[in-house]
Number of protein chains: 2
Amino acid sequence: MSSIVFEPLGRRFPITDGTTIAELARNAGVSLLSSCGSQGTCRKCRVRIVSGTVSPLTTEESEKLSEEDINRGYRLACLTRAYDDVKVQIAAESLISSQRLQVAGSGKTAVLNPLVQKYSISLPPPTMLDQKSDQRAVLEYLDREYGLKDIYIDLPAQRQLPDILRASEWQAGIVLRGREIIMAGQIGDRLLGLAVDLGTTKIAAYLADLQTGEVLAANASVNRQMAYGDDLMSRLDYAMGKEAETLRQSAADDINRLVAELCAETDLACDRIAEAVVVGNPAMHHLFLGLPVRQLALAPYIPAVSNAVDIKARDIGLTIAPGAYVHLLPNIAGFVGADHVAVLLATGIHDTEKTVIGIDIGTNTEITLAAHGRLLSTSCASGPAFEGAHIKDGMRAEGGAVEKVKITGSSVEIRTINNKPPVGICGSGILDAVAQLRKASVIDRTGKMLAHPQIRAAKNGQEFVLVSGENSGSGNDITITEPDISEILLAKAAIAAALNILLEEAKLPWDEVEEIIIAGAFGSYIDVVSAIEIGMFSPLPMERFSQVGNAAGTGAKLALLSKEQRDLASAIADKVNYVEMTNHPQYLRKFSRAIRLPA
Amino acid sequence: MSSIVFEPLGRRFPITDGTTIAELARNAGVSLLSSCGSQGTCRKCRVRIVSGTVSPLTTEESEKLSEEDINRGYRLACLTRAYDDVKVQIAAESLISSQRLQVAGSGKTAVLNPLVQKYSISLPPPTMLDQKSDQRAVLEYLDREYGLKDIYIDLPAQRQLPDILRASEWQAGIVLRGREIIMAGQIGDRLLGLAVDLGTTKIAAYLADLQTGEVLAANASVNRQMAYGDDLMSRLDYAMGKEAETLRQSAADDINRLVAELCAETDLACDRIAEAVVVGNPAMHHLFLGLPVRQLALAPYIPAVSNAVDIKARDIGLTIAPGAYVHLLPNIAGFVGADHVAVLLATGIHDTEKTVIGIDIGTNTEITLAAHGRLLSTSCASGPAFEGAHIKDGMRAEGGAVEKVKITGSSVEIRTINNKPPVGICGSGILDAVAQLRKASVIDRTGKMLAHPQIRAAKNGQEFVLVSGENSGSGNDITITEPDISEILLAKAAIAAALNILLEEAKLPWDEVEEIIIAGAFGSYIDVVSAIEIGMFSPLPMERFSQVGNAAGTGAKLALLSKEQRDLASAIADKVNYVEMTNHPQYLRKFSRAIRLPA
């Protein structure tokens, strides 16, 4: 039977001859971009035919593809039919996973000093008079030439060494982590590292050269655990059944896919990745490690593990070097995890003398207040509304999502991502909309709709027509419903209440906060003015706010590239005082007060 | 579809209703004993029906089985037909693997001090005011109560802890190995260890209680790698192709089967085995670890690894506790491996002041000469003839094998194992036969047959009829051929030449050897007089010889039960001077001289 292989994913599937590559991709679950519905007009689904027989180039393709593309073997997947065994390379920009998902972070850097180091060795060949084992020859060389003693060789490296030495005239590049040889290769092989921000909704991965500190490539994808619940609690519920292993495997698979893409993009081998750092909130951390989560999900919310973890990649099924370690930064407590430690590391909040709030807004929102030399941290369940979930016309921040709203009298202006025809509203758009609706007195302080030409009755209460069907990309009206507004009010109230309690714990009034650092993908897109107008933040001067993007990813990269930063992360986690919200005597009162919109 | 499960192997197979359990076992590769050809007369194939529907008890069974057996559900597998889903328990004595394969060894013991130790912990339950992780609670307890600092918890133990603590009122028994917690369980759980002698032909395994030092059960089976070559070199050849992983898996599977049987026999759980020690020759050692063997098989015969190895059971697929370590004793060089180190450990040859030879005769024979404070070791390829292979009517040492031969004039007396009707000749029998044939002048010094009523022409040269068909268990004549004698002469010459060279290296005449310790299953059954008569050993006084059985297994047990013995093993391996035979200037000359029988 004929088959198709999709590179860089490396997945093989049986085919029926004559089927289009786009259809084969869909059947195989490979998410190719397309905005024309496979009509051959958008050229988003470009793929390169590596080998095999396909249908001849069509006129449409000759028009859409550049001459250079055609010469390099590029075709449109929607117009190209496969016969026999076909191998195609999917252009990075044609994969859904490389859509607009933020991977850049704030710019803090550290002195390059990774935990893994490469050493060159050059041995005399053994003879019948010198029959010592390869192991002993390597260990003696390291002692003699580098003064390295008590070295242990991990089994995968030990399996590599005999053949490498004999194929390379008794020279090799060996990679040490502490006193352990974790891999062996050629002297000139690059030494790679991987940093991963394992978010509830999305996963960002960075491939770095550990000898130069350079980030070679970055990529992100949706966390496919979303299929098992889009908020933390429903996912933990799922894992408490017999499905913990399914969720663990899903996270490993997602990271492996990102690794394959990063390596294909840079033409490097995955098994040269000698170290990985993974950060995530405690739930993601536990699910990734296959740790039980029942005790984490139920009061008193106890993590199985809080200290930093070092584990072999092979023990959790990551397809990097089998001898590589995966390092997870420490968790703080309850729902404040390694990802927040990474944010503190990246933003430097932990050693400021100023009064600073660091906040990472997501499905779960983590907050740290640095004041008077103390670090107070907490978390609150802000729900997936800011990710576009649980909102009638909500969507993720991708092309066609309304991201900006302005209402003046009866006029409604919107802006969409990439200026595409609007098809839904993303988190920053809905936050904006609520602020604007309130500012224009279209809704009252409880979110109830009052009077406006765009208001109409809906299934549950009323709704505001933001974009009518004739102006939308889908032909359907895009509306904001009263339940949508309630979702946003619940989310912002959770955050506002948590902020207020942290300040009260530190005995600080709002206006003494000198800086508010907003981290996370959502946080970097929101309009801070709107966030203030709906009462998420107190109305401080705008210059006190900064939006730093994926600081968790940046923190992970720092810990990957620097042993000192990694040690610092543990020191930070130890220093933090955790404030539990769920049973805080003031939380419910603060929350119910914060749920109304400001007067 | 109906199925059958064979306990303690735990293997499930689909069945056709109405098939006998004996036939199902054969189809499934489960080796049930039978000496009557499944006629219902030998009662060897006793199995206990645990559940499911089987044919009614037959008259034959009522006669053969005791009333107690019948009441306990025992049946004869050859007469019992299975219907629906049947589970049967195979009696230990009915499995081929529990036949006469020696597992006992010499009696050296050590002070009990295993590397793994169990600690009881008892924690206060966490509360909303004390939300520290389970990990931190355990580590703080160990520090406070036992003064244990810098402890690391391996992931499998970390996965177990939360549920164990919550199910056992916050008490647990945790197992430390050095500074690592490798497993967690109930306080009362037994702490088990496994010692394995991974031989070229057979595998012996011992289950021990690490808290008492008691060996709870012992078992042995054929090494199923035999299917890929019965001598080391053909197996290494096989592994140099792409089949190394097949051989590795075969060894792991064999050990796992033995573990399952040992645990079923003692009603203990495999995942309570917290430590294993494995010894084998360098080829077995490398195949077991999945190390490349090309450089070991070809001159200058370099092992990948010579030092002792500690590796996680999960990394090589052993189904003991996933956090358990498997320890392999050090290899000495070339083909003198961890199994011979274990022999030295068990026999104490390493620190004797006497002049002692230790010899482990097998497919490969390892020899150490202790003299003047030095240890000289070597190995030689003695071939599988002593295991009954490459001998026309050869067989392994099981019931019905001729193990003793006496020829006086025209009379030939034999003795078989368990006094069963003779069906073949095992190693000690053929060695005896050659000695007796020579003594009775039936053969000349080159092994050529002269004159005797039992001699007749055969396919290649002549053969000596040891047992005629009417007296044999199979109905066939059992004969010794001239090629059989050649095989034995080649094997004994290899051993004699190696012994002579070692003595020459130490500048010692034979009669200064004060003790010859013969280890190994074969070595413990041979008649030393016969071995001297064929010229394998020099004619020293009989009191200087001792036969100690499976000393390699005993050494493995010592290393399992005592950290000090394990350290000693490494010291022994370092102390040994290896003498390579393959390129020794004297070897071929000594070998060709030793090939003739003594005058």
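Please read these numbers as outputs of a predicted model, since none were measured by experiment.

Focus on the overall build of chain A
Then comes step 1: Tallying secondary structure elements over chain A gives 16 helices and 28 strands in all.
Then comes step 2: Over its C-alpha atoms chain A spans a radius of gyration of 27 Å, differing by no more than 12% from the 25 Å that the globule rule assigns to 599 residues.
Then comes step 3: Along the longest, intermediate and shortest principal axes, the C-alpha atoms of chain A span 95 × 70 × 45 Å.
Then comes step 4: Of all intrachain contacts in chain A linking residues separated by at least 6 positions in sequence, the fraction that spans at least 24 positions is 69%.

Side note on the nonpolar core
Then comes step 1: In this structure, A:Ala274, A:Ala276, A:Ala342, B:Ala274, B:Ala276 and B:Ala342 are the most contacted members of the largest nonpolar core, which totals 333 residues.
Then comes step 2: Excluding residues within four positions of it along the chain, B:Ala276 makes contact with B:Gly193, B:Leu194, B:Val196, B:Ala313, B:Leu318, B:Ile320, B:Ala324, B:Val326 and B:His327.

Quick notes on the relation of the copies chain B and chain A
Then comes step 1: Overlay of chain B on chain A (RMSD 0.3 Å): rotation 180°, translation along the axis 0.1 Å. On this basis, the relationship between the two copies can be described by a two-fold rotation axis. If distances are taken from each C-alpha of chain B to the rotation axis, the shortest is found for B:Asp315, at 4.1 Å.
Then comes step 2: Looking at the interface residues of chain B, 100% of them are also at the interface in chain A, so both copies use one shared face.

A few points about the sheet that holds strand β20 (residues 401-408) of chain B
Two orientations exist for strands paired in a sheet by backbone hydrogen bonds: parallel and antiparallel.
All names here are of chain B.
Then comes step 1: The mixed open sheet is built from three strands, whose spatial order is β21-β20-β22. Of all the strands in the sheet, just β21 (411-416) and β22 (424-425) have a single pairing partner and so form its edges.
Then comes step 2: Strands β20 and β22 of the sheet are contacted by helix α10 (residues 427-439), whose axis makes an angle of about 10° with β20.

Focus: the interface of chain B and chain A
Then comes step 1: Chain B puts 35 residues into the contact, and the matching count from chain A is 35 residues.
Then comes step 2: Counting residues per element, the ones that place at least two in the side of chain B that touches chain A are α4 (134-146) and α5 (155-167) of chain B.
Then comes step 3: With seven residues, α5(B) is the single largest residue contributor to the side of chain B that touches chain A.
Then comes step 4: Residues of the side of chain B that touches chain A, tallied by class, amount to 17 nonpolar, eleven polar and seven charged.

Quick word on the sheet that holds strand β10 (residues 180-185) of chain A
All names here are of chain A.
Then comes step 1: Strand order in this open sheet of four strands is β7-β9-β10-β8, and the pairing throughout is mixed. Strand pairing shows two members of the sheet lacking a second neighbour, β7 (116-122) and β8 (152-153), which therefore form its edges.
Then comes step 2: Contacts between helix α4 (residues 134-146) and the sheet are confined to β7, β8 and β9 (171-177), with β7 contributing the most and set at about 105° to the helix.
Then comes step 3: Sheet strands touched by helix α5 (residues 155-167): β8, β9 and β10. Its angle to β10, the strand with the most contacts, is close to 35°.

Topic: the packing of helix α6 (residues 232-266) of chain B against helix α7 (residues 282-289) of chain B
Residue and element names in this part refer to chain B.
Then comes step 1: It is at 8 Å that the axes of α6 and α7 come closest, and there the two elements cross at 40°. In terms of axis orientation, α6 runs oblique to α7. Pair α6 / α7 crosses with right-handed handedness. Contacts between α6 and α7 pair Leu-232, Arg-235, Leu-236, Ala-239, Leu-247, Arg-248 and Ala-251 from the former with Ala-283, Leu-287 and Phe-288 from the latter.
Then comes step 2: Along the lines of polarity and charge, the residues of the contact of α6 with α7 split into eight nonpolar, no polar and two charged.

Quick word on the pairing of strand β6 (residues 81-90) of chain A
Residue and element names in this part refer to chain A.
Then comes step 1: Summarising the sheet, strand β3 (residues 19-20) and β6 pair through two bridges and their orientation is antiparallel. When the sheet's bridge partners are listed, Thr-20 is paired in β6 with Arg-81.
Then comes step 2: Direction of pairing for strand β4 (residues 46-54) relative to β6: antiparallel, over a ladder of six bridges. Looking at β6, one finds that Ile-49 is bridged to Val-88.

Brief notes about unusual backbone geometry
Then comes step 1: Residue A:Pro300 follows A:Ala299 across a cis peptide bond; omega there is 5°.
Then comes step 2: Inspection of the secondary structure puts A:Pro300 in the loop between α8 (294-297) and β15 (309-312).
Then comes step 3: One non-glycine residue, B:Glu169, lies in positive phi territory at about 50°.
Then comes step 4: Along the chain, B:Glu169 falls in the loop between α5 and β9 (171-177).
Then comes step 5: One non-glycine residue, B:Asn419, lies in the positive phi region at around 55°.
Then comes step 6: Judged by the 9 C-beta atoms lying within 10 Å of it, B:Asn419 falls in the exposed class.

Describing the environment of A:Leu79
All names here are of chain A.
Then comes step 1: In this structure, Leu-79 sits in the loop between β5 (74-76) and β6.
Then comes step 2: For Leu-79, a count of 21 C-beta atoms within 10 Å translates into the label buried.
Then comes step 3: Separated by 20 residues in the primary sequence, Leu-79 and Thr-59 have C-alpha atoms spaced 10 Å apart.
Then comes step 4: Filtering out sequence-adjacent residues up to four positions away, Leu-79 remains in contact with Thr-20, Gly-40, Thr-58, Glu-60 and Glu-61.

What about helix α11 (residues 482-505) of chain A?
All names here are of chain A.
Then comes step 1: Compared with an ideal rise of 1.5 Å per residue, which puts 24 residues at 34 Å, α11 spans 34 Å between its outermost C-alpha atoms and is within 8% of the ideal.
Then comes step 2: The buried fraction of α11 is high, at 17 of 24 residues.
Then comes step 3: Positioned one or two residues after α11, Lys-507 has a phi angle of 55°, which is positive.

Quick notes on the environment of A:Thr363
All names here are of chain A.
Then comes step 1: One can find Thr-363 in the loop between β17 (356-360) and β18 (364-371).
Then comes step 2: Judged by local crowding, Thr-363 falls into the buried class, with 24 C-beta atoms found within 10 Å.
Then comes step 3: For the pair Thr-363 and Pro-156, spaced 207 residues apart in the sequence, the C-alpha separation amounts to 39 Å.

Let's talk about helix α14 (residues 551-561) of chain B
Then comes step 1: With eleven of eleven residues buried, α14(B) lies mostly within the body of the structure.
Then comes step 2: Residues B:Ala551, B:Ala552, B:Gly553, B:Thr554, B:Gly555, B:Ala556, B:Lys557, B:Leu558, B:Ala559, B:Leu560 and B:Leu561 constitute the buried set of α14(B).

What about the environment of B:Ser221?
Then comes step 1: Within the fold, B:Ser221 resides in strand β13 (residues 215-222).
Then comes step 2: For the pair B:Ser221 and B:Asp254, spaced 33 residues apart in sequence, the C-alpha separation works out to 7.7 Å.

Here's the deal with the pairing of strand β14 (residues 273-280) of chain B
Residue and element names in this part refer to chain B.
Then comes step 1: The buried fraction of β14 is high, at eight of eight residues.
Then comes step 2: Where strand β11 (residues 192-198) and β14 come together, seven bridges link them in parallel fashion. Among the inter-strand pairings, Leu-198 is bridged to a residue of β14, identified as Gly-280.
Then comes step 3: Sheet topology places β14 next to strand β16 (residues 325-328); four bridges connect them, and they run parallel. By the bridge assignment for β16, Val-278 is matched with Leu-328.

Structural notes on the confidence of the model for chain A
Then comes step 1: Mean pLDDT for chain A: 89, with 94% of residues reaching 70 or above.
Then comes step 2: We note a pTM of 0.78 for the whole complex and an ipTM of 0.78 for its interfaces.

The rules behind each value
- Residues numbered from 1 in each chain as written.
- Chains lettered and ligands numbered in written order.
- Predicted model: local features only at pLDDT ≥ 70, side-chain atom pairs only at ≥ 80, totals over all residues.
- Helix = DSSP H or I, 4+ residues; strand = E, 2+ residues; numbered from the N terminus.
- Rg over C-alpha atoms; globule rule 2.2 N^0.38 Å.
- Contact = placed C-beta atoms within 7 Å.
- Core = buried A, V, L, I, M, F, W, Y, C linked by C-beta atoms within 7 Å.
- Buried ≥ 20, exposed ≤ 12 C-beta atoms within 10 Å, placed from the backbone.
- Least-squares fit on C-alpha atoms with pLDDT ≥ 70 in both.
- Pairing = 2+ DSSP bridges.
- Axes fitted to C-alpha atoms, helices over the stretch in contact; angles between N-to-C directions.
- Nonpolar A, V, L, I, M, F, W, Y, C, P; charged D, E, K, R; others polar.
- Parallel < 35°, antiparallel > 145°, perpendicular 65-115°, else oblique.
- Left-handed = near helix turned anticlockwise from the far one by under 90°.
- Expected span 1.5 Å × (residues − 1).
- pLDDT = per-residue confidence, 0-100.

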